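Here is how the chains run, residue by residue.
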Amino acid sequence: SAGEQLRLDGQDAALAAATVGHHDHPNHIETALTELIRSGREFSADHVRDTVPPETRAWLRAGNGNVLSSIIGNASRRGHIAQTGWCQPARKERHSNPNRVWKGAA
């Protein structure tokens, strides 16, 4: 649908913008996500955020949080993860909006 395409285009734009500059934050996020997938445990975006280096967490807080959701969205579309439920995030910035809970897809 047109709405779905707009969402995908937005995720692609966020990921493209994240590669500008001399940093490796998107790769740190990908690595953390891969480790959580391999662990076999359920996880949320907060778990990914907690797993990345402190400087990447700071970068995410500085207005780049959409990169994390874009990377998770791509992993879901590729079939690497599947949603298993919902959870309440602990971060105030989320305003108690629920986070998806994921698990590596078999």
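Residues numbered from 1 in each chain as written. Predicted model: local features only at pLDDT ≥ 70, side-chain atom pairs only at ≥ 80, totals over all residues. Heavy atoms only, no water.

Trainee: Just to check I follow, could you spell out the side chain of His-25 for this structure?
Mentor: The topology assignment puts His-25 in helix α2 (residues 25–39). Here His-25 is in contact with Glu-55, Thr-56 and Trp-59, once residues within four sequence places are set aside. (Helix = DSSP H or I, 4+ residues; strand = E, 2+ residues; numbered from the N terminus. Contact = heavy atoms within 4.5 Å.)

Trainee: Explanation requested: the nonpolar core in the structure shown.
Mentor: Across soluble globular proteins, you tend to see nonpolar side chains buried next to one another. Membership of the largest hydrophobic core comes to 17 residues, with the highest contact counts inside it found for Ile-29, Leu-33, Phe-43, Val-48, Leu-68, Ile-72 and Ile-81. Of all elements in the fold, only α2, α3 (45–51) and α4 (54–77) reach the threshold of two or more residues within this core. Looking at this core element by element, the count peaks at seven residues for α4. (Core = buried A, V, L, I, M, F, W, Y, C linked by side-chain atoms within 4.5 Å. Buried < 20%, exposed > 50% of the residue type's maximum accessible area, 1.4 Å probe, protein only.)

Trainee: Help me understand the confidence of the model for the protein, please; the structure alone is not making it clear to me.
Mentor: When pLDDT is low, close inspection of the predicted coordinates is not appropriate. Looking at the protein, the pLDDT average stands at 88 and 92% of residues meet or exceed 70. Least confident of the elements in the protein is helix α1 (residues 2–18), whose mean pLDDT is 74; most confident is strand β1 (residues 81–87), at 97. (pLDDT = per-residue confidence, 0-100.)

Trainee: Mind showing me how you'd approach the pattern of salt bridges here?
Mentor: Should the charged atoms of two oppositely charged side chains come close, the side chains can pair. Going through the model one piece at a time under the given rule, you end up with two salt bridges. Salt-bridge contacts for Asp-46 lead to Arg-91; the nearest nitrogen and oxygen are separated by 3.2 Å. Linking Asp-46 in helix α3 with Arg-91 in the loop between β1 and β2 (99–104), this pair joins segments that are 45 residues apart in sequence. Given a relative accessible area of 24%, Arg-91 falls into the partly exposed group. Via salt bridges that share partners, Asp-46, Arg-91 and Glu-93 belong to a single interconnected network. (Salt bridge = Lys/Arg side-chain N within 4 Å of Asp/Glu carboxyl O.)

Trainee: Explain α2 here, please?
Mentor: Residue pairs three or four apart in sequence face the same way in an α-helix, which turns once every 3.6 residues. Between its terminal C-alpha atoms α2 stretches 21 Å, which fits the 21 Å expected from 15 residues at 1.5 Å a residue. Those residues of α2 that fall on the buried side of the exposure criterion are His-25, Pro-26, Ile-29, Ala-32, Leu-33 and Leu-36. Taken down its axis, α2 places every buried residue within 125° of arc, on the same side. Just past α2, the residue Gly-40 takes up positive phi, approximately 80°. (Expected span 1.5 Å × (residues − 1). Arc of directions from axis to C-beta.)

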